[in-house]
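Residue-level structural notes
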Protein chains: 2
Amino acid sequence: MKIPVVENVLKVNDEIAAMNRKELCDAGVFTIDLMGAPGCGKTSLLEATLKHFADKLEIGVMVGDLTTVRDAQRMGRYAEQVIQINTGRGCHLDANQVRNAMSRMELNKLDILVIENVGNLICPVGFDLGQNVKVGMFSVTEGDDKAAKHPYIVHESGVLLLNKFDLFEHVTFNLDTFRADLKQLNNSVDLFEISVAENNLAQWFAWVEQNAHSTSQS
Amino acid sequence: MKIPVVENVLKVNDEIAAMNRKELCDAGVFTIDLMGAPGCGKTSLLEATLKHFADKLEIGVMVGDLTTVRDAQRMGRYAEQVIQINTGRGCHLDANQVRNAMSRMELNKLDILVIENVGNLICPVGFDLGQNVKVGMFSVTEGDDKAAKHPYIVHESGVLLLNKFDLFEHVTFNLDTFRADLKQLNNSVDLFEISVAENNLAQWFAWVEQNAHSTSQS
């Protein structure tokens, strides 16, 4: 009874995502769908990223939350084009919400678009938004079992971030276990071990810059 | 197109939840639906709770995860009746999954049943499982904005736990802001500020014990 409806929703979503992808690609925008649990540090990472690239790249942000405009306000201090998408009780963004937000942006001015998804390790994974790459974000305070317990986000991500290394010595986190789980689930994913709090973000910044240039040259 | 199906799913869920509630109540079991983000410390809290009440209360556990039986294995060391429910890509437990698991438990032996929901602050909130009370769990490492950004879990919870006070001095967390947001969203909710790592759980243990006795006397 339920499955055909769900399949239809996903089919429509995929069609809209394909339109988004074409439009973003034509505008030379490299688009990242950033996914992670509540409080893993997505917004703080984007604040640091916007600051770092302030004079180098034009970065736009869409940010999904159930309610409030707090995250957009935080990032609006550092970027010209920031749009808050409130999902109500919705647990993830979909391609149509992104499409509506795209219509309110000047895409041809952007090098990068980051879509900060709703804080949730599960539902955002299954919805294509039209991004170039999905980036999954964990933090060491969440425990070393989170990759194994959330395999789909590991499968679907091109890059994984493991944040809060500034707290590493204060928590119980077996890095070998985490890395071994990752390798088993997705041998080709890049893992960047970072600390937003300490601005230890060199790998991430290099990756962002490389992708911004690859898109603008194409 | 989609809404009637969703409403129907919720209606069926509520009917099954009502059956669960009656059966659990008749068996004298006080039932807790424990909800929180991935890595907030739900399983560690339950391990500590099972150890603390080992000689005093019979506590059963159902634990929901996408995949793996890691959490059930962790808790199975301390409790006789532990059931892992794997949801696949499902982002929350529903009343029927709980009902199926109930049929495999000896309810009349239990004082307390804790249902550890899938790690997710959003989707579990809307599904009644037949519990006496929903308990929402945050942690200070997630940031002080999480109550405001996730109002529905605050509305629906009878008790809220704020974990990881052992890390309080290492993170930026304005406790006054968090408490003020809570008060505005749900003035009657109890907030227990805890540290599972340091076994600072006296308020939680007292609350569990009180509820176990209230049910067995009724």
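Residues numbered from 1 in each chain as written. Chains lettered and ligands numbered in written order. Predicted model: local features only at pLDDT ≥ 70, side-chain atom pairs only at ≥ 80, totals over all residues. Heavy atoms only, no water.

With respect to the overall build of chain A
Note the cut-off: Here a helix means four or more residues in a row that DSSP labels H or I, a strand means two or more in a row labelled E, and each is numbered from the N terminus. The globule rule used here is 2.2 Å times the number of residues to the 0.38 power, and the radius of gyration it is set against is calculated over C-alpha atoms. The buried label applies to any residue whose accessible area, calculated with a 1.4 Å probe on protein chains only, is under 20% of its type's maximum; exposed applies above 50%, and partly exposed to all values in between. What makes two residues a contact is simply this: any of their non-hydrogen atoms within 4.5 Å. Accessibility throughout is a Shrake-Rupley quantity obtained with a 1.4 Å probe, and a residue counts as covered only by protein chains that appear here. Charged residues are defined narrowly, with Lys and Arg counted positive, Asp and Glu counted negative, and His plus the chain ends left uncounted. Lys charges are placed at NZ, Arg charges at CZ, Asp charges at CG and Glu charges at CD.
On a plain count of helices and strands, chain A comes out with 8 helices and 7 strands. Taking 17 Å as the expected radius of gyration for a compact globule of 218 residues, we find that chain A reaches 17 Å, a close match to that expectation. A principal-axis box enclosing the C-alpha atoms of chain A has dimensions of 55 × 45 × 35 Å. The buried share of chain A, taken over its 218 residues, is 58%. Restricting the contact set of chain A to residue pairs at least 6 apart, pairs at least 24 apart contribute 73%. Summed over all atoms, the accessible surface of chain A reaches about 9,300 Å², with 47% contributed by carbon and sulfur. Of the charged side chains in chain A, 20 are positive and 29 negative, and the gap between their average positions amounts to 4 Å.

A few points about the nonpolar core
This is how it is decided: Nonpolar cores are built from buried Ala, Val, Leu, Ile, Met, Phe, Trp, Tyr and Cys residues. Side-chain atoms within 4.5 Å join them into one set.
Counting 48 residues, the largest nonpolar core has Phe138(A) and Phe138(B) as its most contacted members. Only helix 6 (151–156), strand 6 (159–163) and helix 7 (175–185) of chain A together with helix 6 (151–156), strand 6 (159–163) and helix 7 (175–185) of chain B provide two or more residues apiece to this core. With residues up to four places along the chain from it excluded, the contact list for Phe138(A) reads Cys40(A), Leu121(A), Lys146(A), Ala147(A), Ile153(A), Val154(A), Leu160(A), Leu161(A), Leu162(A), Asn163(A) and Phe178(A).

As for the interface of chain B and chain A
Operational definition: Buried area counts how much accessible surface, traced with a 1.4 Å probe, disappears from two parts once they are put together, with both parts' losses summed. Salt bridge, as used here, is a side-chain nitrogen of Lys or Arg placed within 4 Å of a carboxyl oxygen of Asp or Glu.
Counting residues at the interface gives 36 residues for chain B and 36 residues for chain A. Overall, the association of chain B and chain A removes approximately 3,100 Å² of surface from exposure, summing both partners, and the carbon and sulfur fraction of that is 64%. Applying the counting rule to chain B against chain A returns 6 salt bridges. When the shortest N-O distance is used, the salt bridge between Lys149(B) and Asp71(A) registers 2.6 Å. Secondary-structure elements contributing two or more residues to the side of chain B that touches chain A are helix 1 (3–26), helix 3 (70–76), helix 5 (146–149) and helix 6 of chain B.

Details of the relation of the copies chain B and chain A
Let me state the cut-off plainly: Superposing copies: least-squares fit, C-alpha atoms only, residues required to have pLDDT of at least 70 in both.
Placing chain B over chain A gives an RMSD of 0.0 Å and needs a rotation angle of 180°, together with 0.0 Å of translation along the axis. The transformation just described matches what one would write down for a two-fold rotation axis. A high fraction, 100%, of the interface residues of chain B reappear at the interface in chain A, so the copies pair face to face through one surface.

With respect to the packing of aromatic side chains
Residue and element names in this part refer to chain B. Short version of the rule: Two rings from Phe, Tyr or Trp (for Trp, the six-membered ring) form a pair when their centres sit within 6.5 Å of each other. Planes less than 30 degrees apart are called stacked, planes more than 60 degrees apart edge-to-face, and all others tilted.
Counting across every chain of the model gives 14 aromatic pairs over all chains. Centroid distance Phe138 to Phe178: 5.7 Å. Interplanar angle 80°. Geometry classified as edge-to-face. Placement of the pair is Phe138 in strand 5 (residues 133–139) and Phe178 in helix 7, with a sequence separation of 40 residues. Assigned by exposure class, Phe138 and Phe178 land together as buried.

Focus: the confidence of the model for chain A
Operational definition: Here pLDDT means the predictor's own confidence in every residue, given as a number from 0 to 100.
Mean pLDDT for chain A: 95, with 96% of residues reaching 70 or above. For this predicted complex, the interface confidence score (ipTM) comes to 0.93, while the overall pTM stands at 0.95.

Details of the sheet that holds strand 2 (residues 59–65) of chain A
Strand pairing in a sheet is mediated by backbone hydrogen bonds. Such pairs are either parallel or antiparallel. Residues and elements named next belong to chain A. Cut-off, in case you're wondering: Two strands are counted as paired when DSSP detects at least two bridges linking them. Angles here are taken between N-to-C directions and fall from 0 to 180 degrees, while the axes themselves are lines fitted to C-alpha atoms, restricted in helices to the stretch in contact.
Strand order in this open sheet of 7 strands is 3-2-4-1-5-6-7, and the pairing throughout is parallel. Two strands lie at the open edges of the sheet, namely strand 3 (82–86) and strand 7 (190–193), each paired on one side alone. The mean angle between the axes of side-by-side strands here comes to 20°, regardless of whether they run parallel or antiparallel. Relative to strand 7, strand 6 runs parallel, the two being bridged by 4 bridges. Bridge pairing in strand 7 links Leu161 to Phe192. On top of the sheet, helix 7 reaches strand 5 (133–139), strand 6 and strand 7; it is set at about 155° to strand 7, its chief contact.

Description of helix 2 (residues 42–52) of chain B
Counted residue by residue, helix 2 of chain B has 8 buried out of 11 residues, so it is predominantly covered. Of all the positions in helix 2 of chain B, only Lys42(B), Thr43(B), Leu45(B), Leu46(B), Glu47(B), Ala48(B), Thr49(B) and Leu50(B) are classed as buried.

Considerations on empty space enclosed by the protein
For clarity, the cut-off: Here a cavity denotes a set of grid points, spaced 1 Å apart and computed over the protein atoms alone, in which a 1.4 Å probe fits but from which it cannot get out, and a pocket denotes an open set meeting protein on both sides within 12 Å along at least five of seven lines; residues with an atom within 4 Å of a point are reported as lining. Grid points are joined across faces, edges and corners, and a volume is the space filled by probe spheres set on the points. We call Asp, Glu, Lys and Arg charged. Ala, Val, Leu, Ile, Met, Phe, Trp, Tyr, Cys and Pro are nonpolar, and the rest, Gly among them, are polar.
Overall, the coordinates contain 1 cavity of 30 Å³ or more when judged by the stated rule. Considered as a void within the structure, the largest cavity measures approximately 50 Å³ in volume. Lining the largest cavity are 14 residues, and of these Pro38(A), Thr141(A), Glu142(A), Thr141(B) and Glu142(B) lie nearest its centre. Residue composition of the lining of the largest cavity, grouped by class: 4 nonpolar, 6 polar and 4 charged.

Brief notes about helix 4 (residues 95–102) of chain B
Selection rule: It is the directions from the helix axis to the C-beta atoms whose arc is reported.
Every buried residue of helix 4 of chain B is listed here: Ala95(B), Val98(B), Ala101(B) and Met102(B). Looking down the long axis of helix 4 of chain B, one finds its buried residues gathered within 125° of arc, a one-sided arrangement.

Structural notes on the environment of Thr49(A)
Residue and element names in this part refer to chain A. The test is simple: As used in this structure description, the phrase polar contact means that two N or O atoms lie within 3.5 Å; if the pair is within protein, one of them must be able to donate a hydrogen and the other to accept it, and residues adjacent in sequence are counted only when both atoms belong to side chains.
As for its position among the elements, Thr49 is in helix 2 (residues 42–52). Under the relative-accessibility criterion, Thr49 is labelled buried at 4%. Between the alpha carbons of Thr49 and Glu193 there is a distance of 15 Å; along the sequence they are 144 residues apart. The contact partners of Thr49, leaving out residues within four places of it in the chain, are Ile59, Trp204 and Phe205. Within the structure, Thr49 has its side chain in polar contact with the side chain of Trp204 (distance 2.9 Å).

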